[in-house]
Amino acid sequence: MENPTAEITWKDEQETRNSVELEVYSPAGVLQETMHIYAPRLEDLRGKTICELSNGLWEAHRTFPLIRRALKLRIPDVRIVTYDELPFGARNIDVEDIGEILKERGCQAAIVGNSG
Amino acid sequence: MNITRKGFEGVVANAFAGLGFPPEAPQAEFSEENFVSGSYLTSFERNMDKIIDGLMRWEPKIGKNGEKSLSKITVEGTDYQDAFIKIDNLFAKKLWGDGLPIIPPTKERVDWILTGTDEPPQKVFGMILPRGAAATVESLAVNLAMAGGRPEYLPLLIAAMEAILEPASRHRWWNTTTGDTYPVIIVNGPIAGQIRLASGYGCLGPSPVHRAGGIIGRAIRLLLLNVGGAVPGTGSMALYGGASRYTNVVFAEDEEGLPPGWKPLNVERGFSEGSNTVTVHTVSIAGTLHTAETGTENEALETLENWASFLRLPNYSYWSNTFSPRGTPAILLIPRNAALGLARQGWSKEKVKAFLWERSKVPETPLVRRWIEQHVQEGKVPIERVVFPMPIAMNPQNIMIVVAGGEQSGHAYFMSVGLSGDVIGKEIRLPTNWNDLLDRAEKDLGRIPLG
């Protein structure tokens, strides 16, 4: 049987030239570097107040007490405002003025959980 | 400090970066079993020192404000076709795109598409999450180019993205959730016919006659993927995704088919008659309703009862973020002849909504009760509104009814909410050269077909 590829001729590689140049944009948008919009970290937590913000999901009612207990063991005089004393649930904690709400409660740091 | 379950590390790092933190924030991962009800938290307790260290020690680097222009890539080829294929392959390697072949977004093509707006190319509409890159006019044009778009599609795309990026839309949630949600864009106004957007037969699906919906919808998906980083498995945890996500759903209301007294969707929502608008929401469950006969009072009642029975199927998301004056549980599409039949029987849009709202109330089951109790606890449903059978929306007028689809009766279509935010409406702003763009479209694509 005749070789079906016999008629195909191949260009000599050395003679092949790229004759078209296309410049395209990245579709990934612009990543903006932003100012550090969050409060600077406290020097230490001794005598400070930490607030818990819970979305009520992924066993947060069990993980928060564990973190609370571990923090108290390390820093006996830390004060913790528990999540049930503050806005609760994703809709209520994901609001523009949550920072102000925490400040009014005397919070100097916050722990937010649980993602997933 | 991020505490998350194994498998979600990419999503969480992405989401954290989208909030302005660098992606190298400390993370502790635990297996999924730790996060389910009644689990042992032994591994959590064992790693508590690592968690506390992360909470107390790490802080992000301080950056500075600034923008970067879109980067460009140069590709060489032996001829145009070779370069075209190389670009498609390169974009695939970089995980840019939706898996389908793309049109290379060259400077010439993007510049052409930018003639579709008077807005400056560097204008920022917002950050698309979870990745948090900026959606600019230019990046919208680039992704519209990739989808095969034209300049006259750009104003609608801009309006849709403005709606999506409104905080109340909560795109951060529905763009990353495990649920298979996708945006639905309903267009009103003369622009729909001008850019050949479908409102009749096959309006939710592919069509060579009405190309705009699929292309604009695809551009939206490309933006959510490329700019927003919602790549399956790392940025988006949607378990299935779904075929509708390729082009989402972009269609026009059949305003000519509205019965007397039935207002267009955008007028119901406060926009003026004849204005060009988008109404944007997200859905996850959709399908054909095989009953839409409304020629007699009995047929109308049977049909409405059938529609209500589909809406009555328990949907966790009914009582999630959309149980509010600004949310909707579902969008119901009715073809014009079915709508006319209803109107002739004395059914106004408001009366249809009231009937559906009443007849779609969900009976109590242990599962439904547990859902609602959870939503009450999370502040999503006011406790005073809990009653069984439970309404699917706060008020009847929250149910959205749109006249669209092929002319005859026989079928309707419902789209039920997924993890969603509020329904958002935006006016579409046309450029000063709008008529020139339409003239060019007619030259390129031929006259707008009738029907």
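Described in the following lines is the structure provided in the data block. (Residues numbered from 1 in each chain as written. Chains lettered and ligands numbered in written order. Predicted model: local features only at pLDDT ≥ 70, side-chain atom pairs only at ≥ 80, totals over all residues. Heavy atoms only, no water.)

Details of helix H13 (residues 336-344) of chain B
Residues and elements named next belong to chain B.
- For H13, the set of buried residues is Ala338, Ala339, Gly341 and Leu342. Across the axial projection of H13, the buried residues extend over an arc of 160°, all falling on one side.
- Elements in contact with the buried residues of H13: helix H12 (297-311), strand S9 (330-334), helix H14 (349-359) and strand S10 (400-403).
- Backbone geometry just after H13 places glycine 346 at a positive phi near 95°. (Buried < 20%, exposed > 50% of the residue type's maximum accessible area, 1.4 Å probe, protein only. Helix = DSSP H or I, 4+ residues; strand = E, 2+ residues; numbered from the N terminus. Arc of directions from axis to C-beta. Contact = heavy atoms within 4.5 Å.)

Some points on the pairing of strand S1 (residues 2-5) of chain B
Residue and element names in this part refer to chain B.
- Residues Asn2 and Thr4 of S1 are buried on one face, and the alternating residues Ile3 and Arg5, pointing to the opposite face, are buried as well.
- Sheet topology note: the S1/strand S2 (residues 27-30) ladder contains 4 bridges and is parallel. Considered in S2, the bridge of arginine 5 is made with phenylalanine 30. (Pairing = 2+ DSSP bridges.)

Comments concerning the environment of cysteine 51 of chain A
- Take cysteine 51 of chain A: it is sitting in strand S2 (residues 49-54).
- Here cysteine 51 of chain A is in contact with Val81, Leu86, Leu102, Cys107, Ala109, Ala110 and Ile111 of chain A, once residues within four sequence places are set aside.

Some words on the state of the cysteines
Residues and elements named next belong to chain A.
- Applying the stated criterion across every chain, the model contains 1 disulfide over all chains.
- Across the disulfide, cysteine 51 is cross-linked to cysteine 107 (sulfur-sulfur distance 1.6 Å). Every disulfide takes its handedness from the sign of the S-S torsion; for cysteine 51 and cysteine 107 that torsion is -55°, giving left-handed. Remark: cysteine 107 occurs in the loop between helix H3 (98-104) and strand S4 (109-113) and cysteine 51 occurs in strand S2; sequence separation between them is 56 residues. The pair formed by cysteine 51 and cysteine 107 is uniform in burial state, with each residue classed as buried. (Disulfide = S-S within 2.5 Å.)

Comments concerning H14 of chain B
- Within H14 of chain B the residues assigned to the buried category are Lys349, Val352, Lys353, Phe355, Leu356 and Trp357 of chain B.
- Among the structural elements, helix H11 (265-268), H12, S9, H13 and S10 of chain B are those in contact with the buried residues of H14 of chain B.

With respect to the sheet that holds S4 of chain A
Residues and elements named next belong to chain A.
- Ordered by their spatial adjacency, 3 strands build an open sheet running S3-S2-S4, and the pairing between neighbours is parallel. Looking at strand neighbours, the two that pair on one side only are strand S3 (79-81) and S4, the edges of this open sheet. Going from strand to strand, the sheet's axes swing by 25° on average, the running direction of each strand aside.
- Here S2 runs beside S4; their pairing, made up of 5 bridges, is parallel. Residue pairing across strands places glutamate 52 opposite isoleucine 111, the latter belonging to S4. (Axes fitted to C-alpha atoms, helices over the stretch in contact; angles between N-to-C directions.)

A few points about the packing of aromatic side chains
Residue and element names in this part refer to chain B.
- Within this structure, the stated rule accounts for 9 aromatic pairs over all chains.
- Arranged with centres 5.1 Å apart and planes meeting at 85°, the rings of phenylalanine 91 and tryptophan 96 form a pair that is edge-to-face.
- A relative accessible area of 16% means that tryptophan 96 is categorised as buried.
- Between tyrosine 316 and tryptophan 371 the ring centres are 5.7 Å apart and the planes differ by 90°, which places this aromatic pair in the edge-to-face class. Here tryptophan 371 lies in helix H15 (residues 366-377) and tyrosine 316 lies in the loop between H12 and S9, a separation of 55 residues in the sequence.
- By relative accessible area, tyrosine 316 is classed as partly exposed at 30%.
- The rings of Tyr316, Tyr318, Trp319 and Trp371 are connected pair by pair, giving a single aromatic cluster.
- One residue, arginine 170, lies across the ring of tryptophan 173, its end atom 4.7 Å from the ring centre.
- Over the aromatic face of tryptophan 347 sits the side chain of lysine 351, whose NZ or CZ is 4.6 Å from the ring centroid. (Phe/Tyr/Trp six-rings, centres within 6.5 Å; stacked < 30°, edge-to-face > 60°. Lys NZ or Arg CZ within 6 Å of the ring centre and 35° of its normal.)

All we've got here are geometric facts, nothing functional implied.
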